[in-house]
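Structural characterization, general
Below, each chain spelled out in residue letters.
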Amino acid sequence: MHPLLPRQIVDVSPNRWDWALLPLVLAGLVLLAYGAQQMAQPFHVGQALPLSLAPRQLPYYLLRTTLRMFIALGGALVFSAAFAVLTARCRLAERVLVPLLDVLQSIPILGFLSITVTGFIALFPGSLLGVECAAIFAIFTSQAWNMAFSLYQSLRTVPAELQEAARVFQLSGWQRFWRLELPFAMPGLLWNMMMSMSGGWFFVVASEAISVAHRDIKLPGVGSYIALAIEARDLAAIGWAIACMLAAILLYDQLLFRPLVAWADKFRFEESGDGASSRSWLLDWLRRARAVQALAGWCRLQLARTLTLSRLRHDGTSIRARPRAPSGRAERAWDAVLAAGVLLAAARLAQFVHAEVGWQEVAHVFVLGGCTLLRVLVLIALAAVVWVPVGVWIGMDPRWSGRLQAVAQFLAAFPANLFFPLAVMLVVRWRLDPDVWLSPLMILGTQWYILFNVIAGASGIPDELRLAARNLGLSGWLRWKRYLLPAVFPSFVTGAITASGGSWNASIVAEYVTWGDTTLQAKGLGSYIAQMTAAGDFPRIALGIGVMVVFVMGLNRFLWRRLYRLAEDRMHS
């Protein structure tokens, strides 16, 4: 028996804190079981699902939506860990997976739904579970990319001295992930998990209102409720939906994210100089609950056993401990395979364009892509000017970080669809130019990627760096130039990449706005895709999505990746 085991099982009888937590646990289990039962109801395509704008239905709709979002979040967390580890440790995998993630990030959520919904329904015939899986997968696509980029960036920017320590102690890959890389990445990952939950609200309308076989399926949920309220032009129902979202965000902030942020303070390499730290009433309860602590100790013991089993069987002087140089032949073979794949795809694309849409249409769509590109760059620059200083201020003061955490989540979760009535009324009443005044809708949901990542970067600034800046008397622009901006630069780049990709995705919603029977559209690629989707013109939908992928990958390749490498060089210098 493991020597720690007897100490872990001593006196596990419940105390008063365990009994205080019991109603909360039982309520969670009951809601989970009820929601799962409703998700697996019998269903056939064409069957109408009852929906109502009555406010009393909102708690039930909220349960269904929140359950979908948390299932998607769990999948996104597993995907992010696998992606980050593969890309950070294997150069050959990195050269494929990072561009692939750029492509996936740039594909609109409507594109994922149109591809996957039929397959999921075929997997679960006669059950609502197929449509639920399609909606969950769509929400997953709105959550996974920024978490994967955040974890990848953290693994690539682990300080050189910590990596050297891991080599000295001969940590295996599994041990290095759990003892070094994941703890180092935890602050940024947690803030991006919060952003992912909030970002899921932005696309929840599209994910719960699905079209298959020319039939609309609206799953019970807050997103479908919002879509129905917009169709009915019911401002009171939209107000109820906003209140419901606020209640949900406050609940999962208090019950999940605030305890996680407070718990993650243990992964800081230094204690904060002013003694401030994040606090959570639920975490305090869990630490006082005897049975909960016994269960946590058992889980730690199982993880410790896996770390022991995965340890290296040789010391630092062994030949096996020497790093292997990458094989030039393997890299050249891999490059040849990639080049062949690119050439084949280009040939098929040229054939498709010539047969289905014509080259003149391609040129027109690229011009529209240029218009959207200009909007994206201008909006990202404006968002950076506003939110980088705010994120630094919040991240460097844990007290304000805790107070504003739920506020930031609510603002990030606020769907742009709910601003459509105001946008349409203002543009129509004042006869404004839609090309200009619809543009801010693109950044409403994605600017928060910058804020959340900058907060995470600022909260991880080492205390010795803060003290050095204070002792040197840095102030004003010099303080920002020499100290604050370099410190949060890697996190800002991660946020800018995901905000840029999200803005391209949001352009489909923001450049083609409807409110009842009124429609406004701005000139751009998003408006083109939305119009072709409404018309059911699949060749032009594919053309629009393909051009969007080209623009996103080009922007990532020639701007954001270069800034990424600059951030890595700063961290390892």
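Just so it is clear, the model here is predicted, and its values are computed rather than measured.

**Quick word on the overall build of the chain**
A tally of helices and strands in the chain yields 24 helices and four strands. For the chain, buried positions account for 47% of its 573 residues. Counted over contacts in the chain with a minimum sequence separation of 6, partners at least 24 positions apart contribute 80%. In the structure as shown, the chain presents an accessible area of about 28000 Å², 66% of it carried by carbon and sulfur atoms.

**A short note on the confidence of the model for the chain**
Chain-level statistics for the chain give a pLDDT mean of 81 and a share of 88% at 70 or above. Ranking the helices and strands of the chain by mean pLDDT puts helix α3 (residues 58-89) first, with 93, and helix α1 (residues 5-8) last, with 44. For the stretch residues 1-9, pLDDT sits under 50, and the model shows nine contacts to residues farther than four places along the chain or on other chains. Taken together, the stretch residues 272-276 has pLDDT below 50 and engages in five contacts with residues farther than four places along the chain or on a different chain.

**As for the packing of aromatic side chains**
Tallied over the full model, the rule gives 20 aromatic pairs. Ring geometry for F177 and W178: centres 5.5 Å apart, planes at 85 degrees, overall edge-to-face. Taken together, the ring pairs connect F79, F83, F120, F137, F140, W145 and Y152 into an aromatic cluster. Of note, R288 hangs over the ring of W17, and the distance from its end group to the ring centre comes to 4.9 Å. Lying over the aromatic face of W430, R429 brings its terminal NZ or CZ to 5.8 Å of the ring centre.

**Details of the pattern of salt bridges**
With the rule as written, the count across this model stands at 13 salt bridges. A salt bridge links R68 to E132; the nearest nitrogen and oxygen atoms lie 2.5 Å apart. Residue R68 is found in helix α3, and its partner E132 is found in helix α6 (residues 129-156); the two are separated by 64 residues along the sequence. Taking the relative accessible area as the measure of exposure, R68 reaches 0% and is therefore buried. Residue E132 is classed as buried on the basis of its relative accessible area, which comes to 0%. For R68, the salt bridge identified is with E208, shortest N-O distance 2.8 Å. Placement of R68 in helix α3 and of E208 in helix α9 (residues 204-208) is noted, with a sequence separation of 140 residues between them. Side by side, R68 and E208 carry an identical accessibility label, which is buried.

**Some points on the packing of helix α15 (residues 359-395) against helix α22 (residues 476-510)**
The description of two packed helices rests on the angle between their axes and on the distance between the axes. Taken N-terminus to C-terminus, the directions of α15 and α22 make an angle of 140 degrees; their axes are 9 Å apart at the nearest point. It follows from the interaxial angle that α15 and α22 lie oblique. Crossing angle aside, the handedness with which α15 passes α22 is right-handed. Packed against α15, whose contacting residues are G369, T372, L373, V376, I380, A384, V388, P389 and V392, the element α22 presents W480, L484, L485, V488, F492, A499, S500, S503, W504 and S507 at the interface. Of the residues belonging to the contact of α15 with α22, the class tally is 14 nonpolar, five polar and no charged.

Conventions used here
Residues numbered from 1 in each chain as written. Predicted model: local features only at pLDDT ≥ 70, side-chain atom pairs only at ≥ 80, totals over all residues. Heavy atoms only, no water. Helix = DSSP H or I, 4+ residues; strand = E, 2+ residues; numbered from the N terminus. Buried < 20%, exposed > 50% of the residue type's maximum accessible area, 1.4 Å probe, protein only. Contact = heavy atoms within 4.5 Å. Areas by Shrake-Rupley, 256 points an atom, 1.4 Å probe, with all protein chains shown as cover. pLDDT = per-residue confidence, 0-100. Phe/Tyr/Trp six-rings, centres within 6.5 Å; stacked < 30°, edge-to-face > 60°. Lys NZ or Arg CZ within 6 Å of the ring centre and 35° of its normal. Salt bridge = Lys/Arg side-chain N within 4 Å of Asp/Glu carboxyl O. Axes fitted to C-alpha atoms, helices over the stretch in contact; angles between N-to-C directions. Parallel < 35°, antiparallel > 145°, perpendicular 65-115°, else oblique. Left-handed = near helix turned anticlockwise from the far one by under 90°. Nonpolar A, V, L, I, M, F, W, Y, C, P; charged D, E, K, R; others polar.

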